[in-house]
Every structure is written in structure tokens, then in C-alpha cells.
Amino acid sequence: MQRDPDGSKVRNDRYIFCPHKEDAPDEPVVSAGVPEDLRREIEQFFLSSALGTGKKLKLKGWQNAAQAKSSLTRGMKSFKRKRAR
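Scope of this entry: the structure provided in the associated data block. (Residues numbered from 1 in each chain as written. Predicted model: local features only at pLDDT ≥ 70, side-chain atom pairs only at ≥ 80, totals over all residues. Heavy atoms only, no water.)

### Describing the overall build of the protein
Okay, step 1: Within the protein, the regular secondary structure consists of 2 helices and 2 strands.
Okay, step 2: Along the protein, helices and strands appear, N-terminal first, in the series β-β-α-α.
Okay, step 3: Relative to its full complement of 85 residues, the protein shows a buried share of 8%.
Okay, step 4: A separation of at least 24 residues holds for 42% of the contacts in the protein among residues at least 6 apart in sequence.
Okay, step 5: Split by element, the accessible area of the protein, about 7900 Å² in all, is 53% carbon and sulfur. (Helix = DSSP H or I, 4+ residues; strand = E, 2+ residues; numbered from the N terminus. Buried < 20%, exposed > 50% of the residue type's maximum accessible area, 1.4 Å probe, protein only. Contact = heavy atoms within 4.5 Å. Areas by Shrake-Rupley, 256 points an atom, 1.4 Å probe, with all protein chains shown as cover.)

This is the structure:
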């Protein structure tokens, strides 16, 4: 969560995407395919990026491609609703 200029709390999700190779089969990489040590390294990166800023981060976990697409779609709809006000 972070705060908008008006003080309201908003989610500020982060996504990491796997690049598509032209010669690779068109199958999404599932989060279970990310090695545990790389997961910890990525999580530590995001946690350390907030050090000294007074911000608090809460890791919500890992999602597969379908879940990420759904989250992004919901976020885009929410953003459009807020911008329309």
C-alpha cells in the first residue's frame, strides 16, 4: 500500500514478467518454476528498496500468469474508475 496525494491508501503491486523467446513454446512460466533462492533474492530486493524511506512493504506472494493477468485487469478497471471521477 502507498498513499495518494489526498492521503488515501492504494495498492502498488509489483510484477515480474518472464520474457518470451521466439523459438520457445508459447507456455507461461509458472511461479513454481522460479528457484527458491532467486525468489528470496527478488523479495529481498523489493524489501531493501524501501529501507530508509519510512515506507512499509508487505509481500503478498507469487502468482501464476492467469492470476497476474486477472490482477492487472482489475487494477486497470479501478484506475479508469478513479480517473473518471
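On we go from here.
### Structural notes on a positive patch on the surface
Okay, step 1: Taken together, the side chains of K77, K80, R81, K82 and R85 define a basic patch exposed on the protein surface.
Okay, step 2: One can find R81 in helix 2 (residues 65-84). (Patch = residues over 30% accessible without salt bridge, like charges linked within 9 Å, V, L, I, M, F, W, Y side chains within 5 Å. Salt bridge = Lys/Arg side-chain N within 4 Å of Asp/Glu carboxyl O. Lys, Arg positive; Asp, Glu negative; His and termini not counted. Charge placed at Lys NZ, Arg CZ, Asp CG, Glu CD.)

### Points about a nonpolar patch on the surface
Okay, step 1: A cluster of nonpolar side chains, namely L47, L57 and L59, defines an oily patch on the protein surface of about 230 Å² accessible area.
Okay, step 2: Mapped onto the secondary structure, L59 falls in the loop between helix 1 (36-49) and helix 2.

### Topic: the packing of aromatic side chains
Okay, step 1: The full count for this structure, using the stated rule, is 1 aromatic pair.
Okay, step 2: Aromatic pair F45 and F46: ring centres 5.2 Å apart, planes at 75°, arrangement edge-to-face.
Okay, step 3: Residue F45 is classed as exposed on the basis of its relative accessible area, which comes to 53%.
Okay, step 4: Directly above the ring of W62 sits R39, whose terminal nitrogen or CZ lies 4.8 Å from the centroid. (Phe/Tyr/Trp six-rings, centres within 6.5 Å; stacked < 30°, edge-to-face > 60°. Lys NZ or Arg CZ within 6 Å of the ring centre and 35° of its normal.)

### Notes on the environment of L47
Okay, step 1: Mapped onto the elements, L47 comes out in helix 1.
Okay, step 2: On the accessibility criterion, L47 (33% relative accessible area) is partly exposed.
Okay, step 3: Spatially, the C-alpha atom of L47 lies 8.4 Å from that of L59, the residues being 12 residues apart in sequence.
Okay, step 4: Here L47 is in contact with L57 and L59, once residues within four sequence places are set aside.

### Brief notes about helix 2
Okay, step 1: Here helix 2 contains 20 residues, and its C-alpha end-to-end distance of 29 Å stays within 8% of the 28 Å for a straight helix at 1.5 Å per residue.
Okay, step 2: The buried fraction of helix 2 is low, at 2 of 20 residues. (Expected span 1.5 Å × (residues − 1).)

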